[in-house]
Amino acid sequence: MTAKPEQVEINEVVLRDGLQNEAEFVATEEKIRLADRLSRTGIKRLEVTSFVSPKAIPNLRDAAEVLAGLQRVPGVRYTALVPNVRGAERALHSKVDEVNLVMSIGEQHNLANMRMTCAESLAQFTEIMRVMEGSGVFVNGTLATTFGCPFEGRQSMDRILWGIEEYLALGIEGITIADTIGVANPRHVAEVVATILDRHPGLPLTLHLHNTRDMGLVNALAAYDAGIRSFDSALGGIGGCPYAPGATGNVCTEDLVHMFHQCGIQTGTDLGSLIGISQALPDVLSHAVPGFVMKAGTSDRLYPFPGKQA
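First, a word on scope: everything that follows refers to the structure included in this document. This one's a predicted model, so the numbers in the text were calculated from it and none came from an experiment.

1. Brief notes about the packing of helix H2 (residues 28-39) against helix H11 (residues 271-285)
Okay, so step 1: It is at 11 Å that the axes of H2 and H11 come closest, and there the two elements cross at 170 degrees. Compared by their axis directions, H2 and H11 come out roughly antiparallel. Listed contacts from H11 to Glu30, Leu34, Arg37 and Leu38 of H2 are Leu274, Gly276, Ile277, Ala280, Leu281 and Val284.
Okay, so step 2: The class makeup of the residues in the contact of H2 with H11 is 7 nonpolar, 1 polar and 2 charged.

2. Structural notes on the pairing of strand E6 (residues 174-179)
Side-chain positions along a regular strand alternate between the two faces of the sheet.
Okay, so step 1: Counting buried residues in E6 gives 6 out of 6 residues, a clear majority hidden from the surface.
Okay, so step 2: The alternating pattern of E6 places Gly174, Thr176 and Ala178 and Ile175, Ile177 and Asp179 on opposite faces, both of which are buried.
Okay, so step 3: Pairing of strand E5 (residues 138-144) with E6, which is carried by 4 bridges, proceeds in the parallel orientation. Considered in E6, the bridge of threonine 142 is made with threonine 176.
Okay, so step 4: The β-α-β motif built from E5, the intervening helix H7 (residues 157-170) and the parallel element E6 has right-handed crossover chirality.

3. Points about H7
Okay, so step 1: With 14 residues, H7 ought to run about 20 Å at 1.5 Å a step, and its terminal C-alpha atoms sit 20 Å apart, in line with that.
Okay, so step 2: Three or more residues of H7 are buried, namely Met157, Ile160, Leu161, Gly163, Ile164 and Tyr167. Summarising the axial view, the buried residues of H7 lie within an arc of 155 degrees, below the 170-degree limit, and thus occupy one face. Turned more than 90 degrees off the buried face of H7, the exposed positions are Asp158 and Ala169.
Okay, so step 3: Looking at the buried side of H7, the elements it contacts are strand E4 (98-104), helix H6 (118-132), E5, E6 and helix H8 (186-199).
Okay, so step 4: Following H7 by one or two positions, glycine 171 has its phi on the positive side, about 95 degrees.

4. Let's talk about the pattern of salt bridges
Okay, so step 1: Taken as a whole, this structure holds 9 salt bridges when the rule is applied.
Okay, so step 2: We note a salt bridge from glutamate 127 to arginine 130, for which the minimum N-O separation is 2.4 Å. Of this pair, glutamate 127 and arginine 130 both sit in helix H6, separated by 3 residues, roughly a single helical turn.
Okay, so step 3: Classification of arginine 130 by relative accessible area gives exposed; the value is 52%.
Okay, so step 4: Several salt bridges converge on common partners, so that one network encompasses Glu9, Arg45, Arg77 and Glu98.

Definitions and limits used
Residues numbered from 1 in each chain as written. Predicted model: local features only at pLDDT ≥ 70, side-chain atom pairs only at ≥ 80, totals over all residues. Heavy atoms only, no water. Axes fitted to C-alpha atoms, helices over the stretch in contact; angles between N-to-C directions. Helix = DSSP H or I, 4+ residues; strand = E, 2+ residues; numbered from the N terminus. Parallel < 35°, antiparallel > 145°, perpendicular 65-115°, else oblique. Contact = heavy atoms within 4.5 Å. Nonpolar A, V, L, I, M, F, W, Y, C, P; charged D, E, K, R; others polar. Buried < 20%, exposed > 50% of the residue type's maximum accessible area, 1.4 Å probe, protein only. Pairing = 2+ DSSP bridges. Right-handed = clockwise from strand over helix to strand, strands pointing away. Expected span 1.5 Å × (residues − 1). Arc of directions from axis to C-beta. Salt bridge = Lys/Arg side-chain N within 4 Å of Asp/Glu carboxyl O.

So, in structure tokens, the structure goes:
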């Protein structure tokens, strides 16, 4: 009997994390077009937007309009980040499949990013969970700066486990651990992932990586070897946190998918379609994007021989 191929889930975040830090507003129609194209690539989880204050993130001020305008594909989970009760109510009204709550476990980054202490964030999440009760909407909680805070440095394993246990006590169903500023290394990633899954076997655990120091792909592979099967990424490798000095884009979706496919690990996505969409992204954004595979092609690409055959 042939063994079933190994598989991971790719969670596309280009529309939220990717676009939130762009210098220019991307038109609502372009966002909808991009969402619709991505929905047909085999991506199973698509983070569409954030119901945050337009003053805080003006690039996502059209959250409800984007969700209302896209063509939903069966089997794709459409998700949105919600920062507060009002955001959760708006997300429910827009019929999202999943909401994502975010707290930095680095206290100082949480103050800079959310303007709250961690205790205040958790109190707010308690109120959000009351709003979500009975909705059937999946609730995911992201722990930003899991692998390092720009103001405090590396976080202890006890602190990471504390954050996860606080989330689970609230009834949050899935957890994302985020290398918000791109300081993780493969051994650190493997240690953190293995420790979490040892403490909480079966936990729906996602890894969110940034490629600030060109370590994103190797960190993803280390996390896979340690047991993670769900990964955030952004088309073209764009994005970044407005409140994380020096941070650059997310790990690139098509580069991540290409790496997994080359390693014999399936993603359920159409790599060729992802590359094609990424190649169109510079025209949408009016600037180049960091991705490699969309420029160089896949590693099995062949070229015509330049001279005469022997």
